[in-house]
Amino acid sequence: MIWSEHVANRNRFPADELVKYEGQHVAWSLDGKRVLAGDRDPLRLAATLTAAGYQADDYVLSFVDSNSYLGGVALDGDFDGRTDE
Amino acid sequence: VKFPYLIDHAKVPQPALGGGVERPRPVIAVRLAGPTGSRILDGHLDTAADDTIFPLWVSTLISLDLSVAADQDIHLAGRGQPYRARFLPVELHLSDGRESCWWRAIVGFVSVPLRRALLGQAGCLQFFDSDFRGADREVILTPNCSFTGQKI
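It should be emphasised that the depicted structure is a prediction, and the values quoted were computed from it without experimental measurement. (Residues numbered from 1 in each chain as written. Chains lettered and ligands numbered in written order. Predicted model: local features only at pLDDT ≥ 70, side-chain atom pairs only at ≥ 80, totals over all residues. Heavy atoms only, no water.)

Glancing now at the sheet that holds strand β11 (residues 128–133) of chain B. All names here are of chain B. Sheet architecture is open: three strands sit in the order β1-β12-β11, paired in antiparallel fashion. In this open sheet, the two edge strands, each paired with only one partner strand, are β1 (2–4) and β11. The average angle at which neighbouring strand axes cross in this sheet is 15 degrees, direction not considered. (Pairing = 2+ DSSP bridges. Helix = DSSP H or I, 4+ residues; strand = E, 2+ residues; numbered from the N terminus. Axes fitted to C-alpha atoms, helices over the stretch in contact; angles between N-to-C directions.)

Residues P42, L45, A46 and L49 of chain A constitute the buried set of helix α3 (residues 42–51) of chain A. Relative to the axis of α3 of chain A, the buried residues are bounded by an arc of 100 degrees and lie together on one face. Buried residues along α3 of chain A sit in contact with β1 (25–29), β2 (35–39) and β3 (59–63) of chain A together with β5 (37–45) and α1 (56–61) of chain B. Near the N-terminus of α3 of chain A, the side chain that reaches the backbone nitrogen of L43 of chain A, with its oxygen 2.9 Å away, is that of D41 of chain A. G53 of chain A sits one or two positions beyond α3 of chain A and adopts a positive phi of about 100 degrees. (Buried < 20%, exposed > 50% of the residue type's maximum accessible area, 1.4 Å probe, protein only. Arc of directions from axis to C-beta. Contact = heavy atoms within 4.5 Å. Polar contact = N/O pair within 3.5 Å; in protein donor to acceptor, adjacent residues only side chain to side chain.)

For any pair of aromatic rings, the description rests on two quantities: the centre-to-centre distance and the angle between the ring planes. Scanning the model with the defined rule gives seven aromatic pairs over all chains in all. Between F13 of chain A and W28 of chain A, the ring centres sit 5.1 Å apart and the planes meet at 85 degrees, which makes this aromatic pair edge-to-face. Here the residue F13 of chain A occupies a position in the loop between α1 (3–12) and α2 (15–18), and W28 of chain A occupies one in strand β1, the gap between them amounting to 15 residues. Three or more aromatic residues link up through ring pairs in this structure, and these residues are W103, F127, F128 and F147 of chain B. (Phe/Tyr/Trp six-rings, centres within 6.5 Å; stacked < 30°, edge-to-face > 60°.)

Shown next as structure tokens:
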């Protein structure tokens, strides 16, 4: 994967298309041109991709969020203090 | 290794951006390798993060054995209560498509729903001299003298 091409294509991806995945984990194609799938549950997303025939190296896992943050810690959605464990 | 910034978009015009909506961020792809494979995911280069932290679900995808993890409480900025992080050695890999670096590091996994991995000082930035080029919206990572991995 050439990261500069991946990012250039992701940066060109229409915002009004991406907003459909707001609050979801998504898998980007390696060229950054397509969202292969999205799901609020990252493990279910990975399972969906595997079932569709994708290998782990075929995509980049990401998260769609249009909020602003101070610092890099950004939590998925309206985090209420509960953990996944 | 040079990475252009990823540009996220705010839903509404941002006062700090003069009404703009583009949020350029030093987000890069990082490959995290474990016993049964690897995953590529977004990682946010964060000079304010003491450690390199991944969401716990990633450890499941690469079959890390958390029973041997070193547990430690960490604090997330803006959150009052500490959260338990589970630290394990992994292999990390960065590539811009022309140059690649990989190295072993001890990174943490937390069960809070992080939206992106945090590539912080310990485990990541400690091994690089980082040049955040705001005008060009890119970051250049140069392995430094503490880098013990491999660069191609």
